[in-house]
Structure formats: structure tokens, C-alpha cells
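Results of the structural survey
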Amino acid sequence: MNSGNKILAVFGSTGSIGCSTLEVVRRHPEHFTVRYLTGNSNAALLVEQIREFRPAAVAVSDPAARAQVAAEVGQLTEVLDGPDALADIAARDDYDTMVSSLVGFAGLLPTVTAIRAGKTIALANKETLVVAGEIITALTRTHGTPLLPIDSEHSAIQQCIVGEPAHGVARIILTASGGPFRGWTTEALQAVTPAQALRHPNWSMGSKITIDSATMMNKGLEVIEARWLFDVDPSRIDVVVHPQSIIHSMVEFTDGSVKAQLGVPDMKIPIHYALTYPDRLAADYDRLDITRIGTLTFEEPDSDAFPCLRLAYDALRAGGTAPACLNAANEVAVAAFLRRDIAFPRIAALIEESLTHVPQHSVTSIDDIVEADRATRAWAETHIMQTDFQPTTRIHT
Ligand code: NDP
Ligand code: MG
């Protein structure tokens, strides 16, 4: 089977996933055409990408970066202006596949627009499914839009269940590296710096997801992502810490058999799989040499030192606006930690406080999600420095 020539819109092309996507394209120019790119602040890199890929149009969210891009390469491409530029590109009819690789809540609305336009979505932006999983999966069914995971764990699960009947899946086992602070105590975590937290042992990624990996919130977000992508109840999603990041996840079947997907930790491989699915297009990414790895180990996550994973399960079970609240509070807290305004353990504390104090509602529309995100950010920004909080109620028991 031939994957044909896919026409791509790469949202967040200046980011870690965006750059890896463009590297996949570079290596397989006969299979892909890049029609649209978007960036935020990194004008210099976007200018290089425009010179190389000659997109029909770009969106640049940051006004200063947009002015620089327009000045340097405005004659090569259309540089879209204004807050609707991302939606404008997402709605265009002359591309096939959106690579959804903006970071955070900013990815939601463009992805919704692309789903409504019937595009195939190669999804890296897990926050879209975290905040609005039920609505997004319903929309993809209504519009017949394939939603293909880029996240390595979810790519692994997809590869394990291809060809299997849905009733055969007993349990999903997400693997987690444990991050740079695996084995640390809560006390030791008080003093960690952003520089330490940004040093991920196995993966090179954008700063937000790297901090999420250090707090284990990344795995919490991935539990929610898996719940919606694979329509599996949270009680059947487990997390196991696997420090080598070689097994990207596993699926246990109803007959007791377990499948795992393995590979070197390189995001180009799951990006390549998503962009060429259901084909298996040959590629020459680094190969796994299992004898050099030698030992694969597994352990339980430490939910005392890393409460974010539990908070994500709680928010998922609570439903309604709770996952959007979890996500918004996390984004506020991670940004504050990166600015050195708060200590590392305060990230989880602020999320728990937000889930307790921001009123939660049921959700019927994307507008409900946007409002929950706004309300939580407002609350979290006001309460971020408060450190004497004692949780009195839990959102889920
Ligand atoms: P990066 O921070 O490296 O890149 C984010 C991209 O989004 C950049 O192009 C950035 O532009 C752009 N951007 C940031 N904020 C805005 C905004 N407010 N409006 C418009 N554009 C914006 O992130 P990653 O590539 O690491 O992650 C992207 C997504 O993929 C996240 O959801 C992450 O969880 C997920 N993911 C990432 C993995 C990885 O290996 N990196 C693995 C699995 C999932 P600019 O740089 O120009 O400012
Ligand atoms: Mg992942």
C-alpha cells in the first residue's frame, strides 16, 4: 500500500514536535507536501522553515515575531494576521492532515476547527483531549475525522490493538520514565530548580511537557488522553514506571496475553507512524539494539512524592469541567515554576486547590470548556502564592 502524497498543515512547526515532523518530511519528500506552518515567538526558525518548505501561508501568534517574519519572507508566503489566523488556516480546504502540535490549551480551538473541516488529525497536543475528550471524540465521529495519536505511549497502544477486537482489550498499561526526580522524596523536591527539572533523562522535548514529565502530570494527562482515544474506562488504565523508555506502552488482552511496542525514544518514529497510518512505510531512524540496553525494569509510581497522577485520575472520574480545570491550573503552575515564582511541589498543590475551590460544572459545548479554562486561570493566578492550604474536600472519593 502506498501512503500517497499527504498535504500537511503543521501547527506549532517551531516546537519540538513541529521540528521532528519537518524532519520526517525532509526524509520522505515524495510522500509529503507542507502547505501551512504556524509559530508563536520563534521568528528566526519560522523564517528558515518558510525558506525551506515554501508554505502557502503561515500564522504567527506573537505580534513582534509576525512583523519580523513578514519583513523577512513576506514575499515568499502569506503571513496571516490577527487572533483568527490559526482558525483561518485550520479551516482551509487545500490540505489533508493537521499536525496538531501547539502546546497547551492554545491547541484546542484550531484542532476543533480542523475536525469540523473533516481533516485527518495527527495529534500531539494531548491537552485537547484532556480538556474536551468527550466532545472531541463525538465530533470526530460526526465528521468522520481520523484522530491519530503522535504521543509515543498512545502510538504504542494503537500499534498493539491494530487488528484486535475491542472486546479483547482488558487493560492498557502506560509506561512512564519517572522523570529526572524518580526516587526523590517530597522534602528533596522542595528545592529543585527549573534547570534540574528541564533535564529529562531520555527525551528531548518542549519545556512545558518536560516539567509535566518531572511532576508525573504528563502521565496523568496521558491517562485521560488514552481514556478518550481508546474508549477505555479509567479503572482499566494503569501506569508503570519504566526508566529506560524502551517499551512505550502495553496492552493486556482478555486471554492474559500482553503486547508491548518497543523502540528507541525518538518522536520521529510515532510521528512517522501517524502520518503514514495504516501503511508501515520504511524509514531509517535509529534502530533499537536490545542487547546493548540489557535490562528493562519496572516499578510502581510514587504517588506521595508525585501527586499529580492521582489528581488526574480524580479529575477524569469527576468528569465535567474538572479535567479542564486540572489542565488550566497545571499550565498556570508550570509557567510560574519556570519563572521561579513557586517551588516544585506547589505545582501539584495549586492544582488540587483549584479543583477544590473553582466550581465545577457539566459540559455540553466547547464554550463550557473555554469558560472553565478562563475561570480556573483567573482563580489560580490569584491564589498561586498561597502555600498554607489544607485540603478539606476531595473532588472524588
Ligand atoms: P514546544 O514548546 O516545543 O512547541 C510548542 C509550539 O507551539 C511552538 O511552535 C510554539 O511556537 C507554539 N506555541 C506556543 N504557545 C502558543 C500560543 N499561545 N499560540 C500559538 N502557538 C503557540 O512543545 P512540544 O513540541 O514539546 O509539545 C507540543 C505538544 O505535543 C504538547 O501538547 C505536548 O504535550 C505534546 N507532546 C510533545 C512531545 C515531545 O516530545 N515534545 C511528546 C508527546 C507529546 P514558538 O516556539 O514559535 O514560540
Ligand atoms: Mg508521551
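Quick caveat, the model's predicted, so the values are computed rather than measured.

On to the side chain of threonine 128, then. In this fold, threonine 128 is placed in helix H6 (residues 126–143). Classification of threonine 128 as buried rests on a relative accessible area of 1%. Here the side chain of threonine 128 touches asparagine 125 through a polar contact of 2.5 Å, side chain to side chain. When residues no more than four places from it in sequence are discounted, the contact partners of threonine 128 are Gly107, Leu108, Thr111, Leu123, Gly133 and Ile136.

To continue, consider the environment of histidine 28. With respect to the helices and strands, the residue histidine 28 is situated in the loop between helix H1 (16–27) and strand S2 (32–39). For the pair formed by histidine 28 and leucine 281, sequence separation is 253 residues and the distance between their alpha carbons is 9.7 Å. Ignoring sequence-local partners within four residues, the contact set of histidine 28 consists of His272, Leu281, Ala282, Ala283 and Tyr285.

This part takes up helix H17 (residues 366–383). Between its first and last C-alpha, H17 extends 26 Å over 18 residues, near the 26 Å set by a 1.5 Å rise per residue. Where H17 is concerned, the buried positions are Ile366, Ile369, Ala372, Asp373, Thr376, Trp379 and Ala380. Along H17, the residues classed as buried sweep out an arc of 150 degrees about the axis, all on the same side. Looking at H17, the residues exposed on the side facing more than 90 degrees away from the buried face are Asp367 and Thr382. Tucked into the core, H17 has its buried residues touching helix H5 (108–116), H6, helix H15 (322–338) and helix H16 (345–357).

Now for the nonpolar core. Ranked by size, the top nonpolar core spans 89 residues in total, and within it Leu108, Leu326, Phe344, Ile347 and Ile351 carry the most contacts. If you tally residues by element for this core, the top one is H15, at 10 residues. The contacts of leucine 326, once residues within four sequence positions are left out, are Met217, Leu221, Ile224, Leu311, Ala312, Ala315, Ile351 and Leu355. In terms of nonpolar packing, the next biggest core, distinct from the first, is built from 31 residues, Val10, Val60, Ala124 and Ala283 among them.

It is worth spelling out the site of ligand 1 at this point. Taken together, 24 residues are adjacent to ligand 1, and Thr14, Ser16, Ser41, Asn42 and Glu127 come closest. Residue threonine 14 places a side-chain N or O atom 2.7 Å away from an oxygen atom belonging to ligand 1. In the model, an oxygen atom of ligand 1 is placed 2.9 Å from a nitrogen or oxygen of the isoleucine 17 main chain. In isolation ligand 1 offers 900 Å² of accessible surface; the protein chains occlude 86% of this area. For the shell around ligand 1, the secondary structure elements donating two or more residues are H1 and H6. A breakdown of the residues in the shell around ligand 1 according to their chemical character gives eight nonpolar, 13 polar and three charged.

Quick notes on the rules
- Residues numbered from 1 in each chain as written.
- Chains lettered and ligands numbered in written order.
- Predicted model: local features only at pLDDT ≥ 70, side-chain atom pairs only at ≥ 80, totals over all residues.
- Heavy atoms only, no water.
- Helix = DSSP H or I, 4+ residues; strand = E, 2+ residues; numbered from the N terminus.
- Buried < 20%, exposed > 50% of the residue type's maximum accessible area, 1.4 Å probe, protein only.
- Polar contact = N/O pair within 3.5 Å; in protein donor to acceptor, adjacent residues only side chain to side chain.
- Contact = heavy atoms within 4.5 Å.
- Expected span 1.5 Å × (residues − 1).
- Arc of directions from axis to C-beta.
- Core = buried A, V, L, I, M, F, W, Y, C linked by side-chain atoms within 4.5 Å.
- Near = heavy atom within 4 Å.
- Areas by Shrake-Rupley, 256 points an atom, 1.4 Å probe, with all protein chains shown as cover.
- Nonpolar A, V, L, I, M, F, W, Y, C, P; charged D, E, K, R; others polar.

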